[in-house]
Amino acid sequence: MLPHGVAWWYPDLSQIAIRPQYRLFSRKFRTAWPVKGLIHVSPHDEALMTHCVKRIPWSSALITAIWFAVVLFGSLTFVVQYALEGGFTTLGGAFLGIGITGLAGMVALFGIVTVTLSYRLEDSRLIQVYDELRAAIMPTNVP
């Protein structure tokens with residue numbers, strides 16, 4: 001146990017799995033894209049080499065990709081159908097088409113901002129747990 005998460009050592013795989021525990025971060029926002037870490041440990045000369053791989057659940061990635069595909073496909077389908085039916089031939093129709101296309105762009109942009117900020121939040125939580133693990137493992141009097 002660490003102050004803000006847990007770490008599991010798998011000696012047969014030479015790996016350490018780290019995961020933030022959200023209840024230990026007080027009542028902060030929890031996102032749909034939790035990030036976990038897998039630290040690969042390998043001996044190198046007289047030291048240990050580590051490599052941390054960050055992972056998100058495949059279901060979160062799949063649902064996010066489907067959402068973006070629906071927004072993109074739906075927006076493109078609307079523009080093509082609207083243009084084929086002559087929606088852009090009048091000034092009022094052109095304004096309506098541009099307005100709805102802009103709204104679809106704002107929905108996509110909101111999705112990108114949400115995913116980006118959520119990833120940064122979850123990444124900072126994982127890095128905090130990683131730093132706590134390093135502090136627990138590393139001796140304090142290293143020159």
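Coordinates for the structure precede this section.
All values reported here derive from a predicted model rather than from experimental measurement.

A. The arrangement of the packing of helix H1 (residues 58-84) against helix H2 (residues 91-137) in detail. At a closest axis distance of 11 Å, the pairing of H1 and H2 adopts a crossing angle of 170°. With respect to their mutual orientation, H1 and H2 come out roughly antiparallel. Residues Thr64, Trp67, Phe68, Val71, Ser75, Phe78, Val79 and Tyr82 of H1 form the contact with H2, whose participating residues are Gly93, Leu96, Gly97, Ile100, Thr101, Ala104, Val107, Ala108, Gly111, Ile112 and Val115. The residue inventory of the contact of H1 with H2, partitioned by class, reads 13 nonpolar, 6 polar and no charged.

B. A look at unusual backbone geometry. Although it is not a glycine, Ser14 sits at a positive phi angle of roughly 55°. Along the chain, Ser14 falls in the loop between strand E1 (5-10) and strand E2 (15-20). Exposure remark for Ser14: the relative accessible area of 29% places this residue in the partly exposed category. Residue Asp45 is not a glycine yet carries a positive backbone phi of 55°.

C. Seen up close, the packing of aromatic side chains. Summed over the entire model, instances satisfying the criterion amount to 3 aromatic pairs. Consider the rings of Trp67 and Phe68, whose centres lie 5.0 Å apart with planes at 80°: the pair is edge-to-face. Relative accessible area serves as the criterion here: at 37%, Trp67 is assigned to the partly exposed category. Geometrically, the ring pair formed by Phe78 and Tyr82 is stacked, given 5.2 Å between the ring centres and 25° between the ring planes. Placement of the pair is Phe78 and Tyr82 together in helix H1, with a separation of 4 residues, close to one helical turn. Residue Phe78 is classed as partly exposed on the basis of its relative accessible area, which comes to 26%. A relative accessible area of 16% means that Tyr82 is categorised as buried. Within the aromatic cluster, the residues linked to one another by ring pairs are Phe78, Tyr82 and Phe88.

D. Quick peek at H1. For H1, built from 27 residues, the straight-helix expectation of 39 Å at 1.5 Å per residue is met to within 8% by its first-to-last C-alpha distance of 38 Å. All of the buried residues along H1 are Ser60, Thr64, Val71, Ser75 and Tyr82. On the buried face of H1, the contacting elements are H2. Remark: Gly86 follows H1 within two positions and exhibits a positive phi of approximately 80°.

E. Seen up close, the pattern of salt bridges. Scanning all chains against the criterion turns up 2 salt bridges. A salt bridge links Lys54 to Asp123; the shortest N-O distance between them is 2.6 Å. With Lys54 in strand E4 (residues 47-55) and Asp123 in helix H2, the pair connects residues that are 69 residues apart, well separated along the chain. Note on Lys54: relative accessible area 37%, which makes it partly exposed.

Criteria and cut-off values
- Residues numbered from 1 in each chain as written.
- Predicted model: local features only at pLDDT ≥ 70, side-chain atom pairs only at ≥ 80, totals over all residues.
- Heavy atoms only, no water.
- Axes fitted to C-alpha atoms, helices over the stretch in contact; angles between N-to-C directions.
- Helix = DSSP H or I, 4+ residues; strand = E, 2+ residues; numbered from the N terminus.
- Parallel < 35°, antiparallel > 145°, perpendicular 65-115°, else oblique.
- Contact = heavy atoms within 4.5 Å.
- Nonpolar A, V, L, I, M, F, W, Y, C, P; charged D, E, K, R; others polar.
- Buried < 20%, exposed > 50% of the residue type's maximum accessible area, 1.4 Å probe, protein only.
- Phe/Tyr/Trp six-rings, centres within 6.5 Å; stacked < 30°, edge-to-face > 60°.
- Expected span 1.5 Å × (residues − 1).
- Salt bridge = Lys/Arg side-chain N within 4 Å of Asp/Glu carboxyl O.

Keep in mind that these numbers describe shape and distance, not what the molecule does.
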